[in-house]
Structures are given as structure tokens and as C-alpha cells.
Amino acid sequence: DFGKPLPLIASDRRAVWGSVAQWPEQAEILADLFWPGPLTLLLPASESIPPLVHAHTGRLAVRISPHPAACFLAEALGGLIISTSANLSGEPACRNLGEISTVLIGGVDVVVSGGGLAGLQASTIVDLTATMPRLVRQGVIPWEEIRRALGVGARRGGRRGTAPLR
């Protein structure tokens, strides 16, 4: 669905910093704890990111994957790759090459298999573009674990600050 934002996998934090307009302290905390891993952060997109990637929302969904093939591809292709699931919009996600729709395979030039995916749950998506962090999608990492890491609930208030982009 071309009306939906496209999630990205970054090769490393430097690639993330180059793709976002701000790197809040909350992003630093969560990245230290959960990256590489199943945590996607919504952050303000840099003007260098084409609006089609974020569906003109101004927010970029990005994570660093623990999968070596994803990191290698992101690194080899300049630091970022689009990371949609291997299914047509509305179809269930697949976890191995045999589950990919023949219609989808017929519409691409190449398929790279990094092996089957072990987990059944997607990444947790947290929006850090608002005053308070917001759960967008519950995934592998429980929301309560995110809230504890950020001290949300124990302390009231918005962001604790914005770290400079490196």
C-alpha cells in the first residue's frame, strides 16, 4: 500500500542519525537497551528522506536489526533499507521463503533469503515525536518494559531533552 509509511532498517546508529531531524534522549536510552533488536522508533524524518518513504507524515520508522543479512544489506546499500514484510498489503506476514506469494515474487527482480524467522511477533513500535512516548504497535518488547526504561509513570513530564546529532 503506497499510502502507508515504509519502515527502515539501518546498518548502525550513524545511519539513523543521518536520516532523522532529531535524536531525543529517549531514543538514545531505548537504542542503548534494545538495539539491535525488535524495537522500531518513530522519529522526525530528515528532509533528506523522500516523503514517499514516510508517506508525507514527517515521521520515520527505523530500527537496527539483529539479523546479520539485514545489517549487511543496509551497510552495503548506504546505511538504510526499506524493511516491509514479504507479503502483499493485507496478507499475513510470512516467516520463510516458501510462504511468499508467487504474485509478489513475480513482481520483484531478486529475492534474498536470510533463512527463516524464528519469532511470531513483529517489532514493538514507539512514537517519540510527541511530548510523551506513545505505543503504536505492541510487539516482542512489552510496553511496560519501554515505560520503565524511560521512567514514564514514575515521573511526569515530556521529553528530557534532545541529544545532538552526531
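Fair warning: this is a prediction, and the values are worked out from it, not measured in the lab. (Residues numbered from 1 in each chain as written. Predicted model: local features only at pLDDT ≥ 70, side-chain atom pairs only at ≥ 80, totals over all residues. Heavy atoms only, no water.)

Asks: Before we move on, could you go through the overall build of the chain and cite the residues and values that matter?
Replies: Secondary structure assignment for the chain yields five helices and eight strands. Start at the N end of the chain and walk to the C end: the helices and strands fall as β-α-β-α-β-β-α-β-α-β-β-α-β. When the 166 residues of the chain are sorted by exposure, 36% land in the buried category. Pairs at least 24 apart in sequence give 60% of the contacts found in the chain among residues at least 6 apart. Surface exposure of the chain reaches about 9,400 Å², of which carbon and sulfur atoms provide 57%. (Helix = DSSP H or I, 4+ residues; strand = E, 2+ residues; numbered from the N terminus. Buried < 20%, exposed > 50% of the residue type's maximum accessible area, 1.4 Å probe, protein only. Contact = heavy atoms within 4.5 Å. Areas by Shrake-Rupley, 256 points an atom, 1.4 Å probe, with all protein chains shown as cover.)

Asks: Break down unusual backbone geometry for me, with residues and values.
Replies: With an omega of -10 degrees, the peptide bond running from W35 to P36 counts as cis. Within the secondary structure, P36 sits in the loop between α2 (25–34) and β3 (39–44). In this structure, A55 is a non-glycine residue whose phi angle is positive, near 55 degrees. Summarising the element assignment, A55 is placed in the loop between β3 and β4 (59–63). Phi is positive for H56, close to 60 degrees, though the residue is something other than glycine. Inspection of the secondary structure assignment puts H56 in the loop between β3 and β4. Take H56: its relative accessible area is 65%, and that puts it in the exposed class.

Asks: So what's going on with the confidence of the model for the chain? Residues and values would help.
Replies: For the chain, mean pLDDT is 87; residues scoring 70 or higher make up 89% of the total. Contacts from residues 154–166, a stretch scored under 50 in pLDDT, to residues over four places away or in other chains number 34 contacts. (pLDDT = per-residue confidence, 0-100.)

Asks: Can you explain the packing of aromatic side chains? Please cite residues and give values.
Replies: Each aromatic ring pair is summarised here by two numbers: the centre-to-centre distance and the angle between the ring planes. In the structure shown here, the tally under the stated rule is two aromatic pairs. Where W17 meets W23, the ring centres are 6.2 Å apart and the plane angle is 75 degrees; that geometry is what we call edge-to-face. Of the two residues, W17 and W23, neither departs from the other in class, the shared state being buried. Here the aromatic rings of W23 and W35 are separated by 6.0 Å at their centres, their planes lie at 40 degrees, and the arrangement is tilted. (Phe/Tyr/Trp six-rings, centres within 6.5 Å; stacked < 30°, edge-to-face > 60°.)

Asks: Tell me about helix α5 (residues 143–150), residues and numbers included.
Replies: For α5, the set of buried residues is W143, I146 and L150. Considered in projection along α5, the buried side chains sweep an arc of 60 degrees and stay on one side of the axis. Once α5 ends, the next one or two residues include G151, with phi positive near 70 degrees. (Arc of directions from axis to C-beta.)

Asks: How would you sum up the pairing of β3? Please name residues and give values.
Replies: Burial analysis of β3 places six of its six residues in the buried class, which makes it a mostly covered element. Sheet topology note: the β3/strand β6 (residues 124–127) ladder contains four bridges and is parallel. Within β6, the residue paired with L41 across the bridge is V126. Pairing analysis gives four bridges linking β3 to β4, with the strands arranged antiparallel. Bridge assignment links L43 to a residue of β4, and that residue is L60. (Pairing = 2+ DSSP bridges.)

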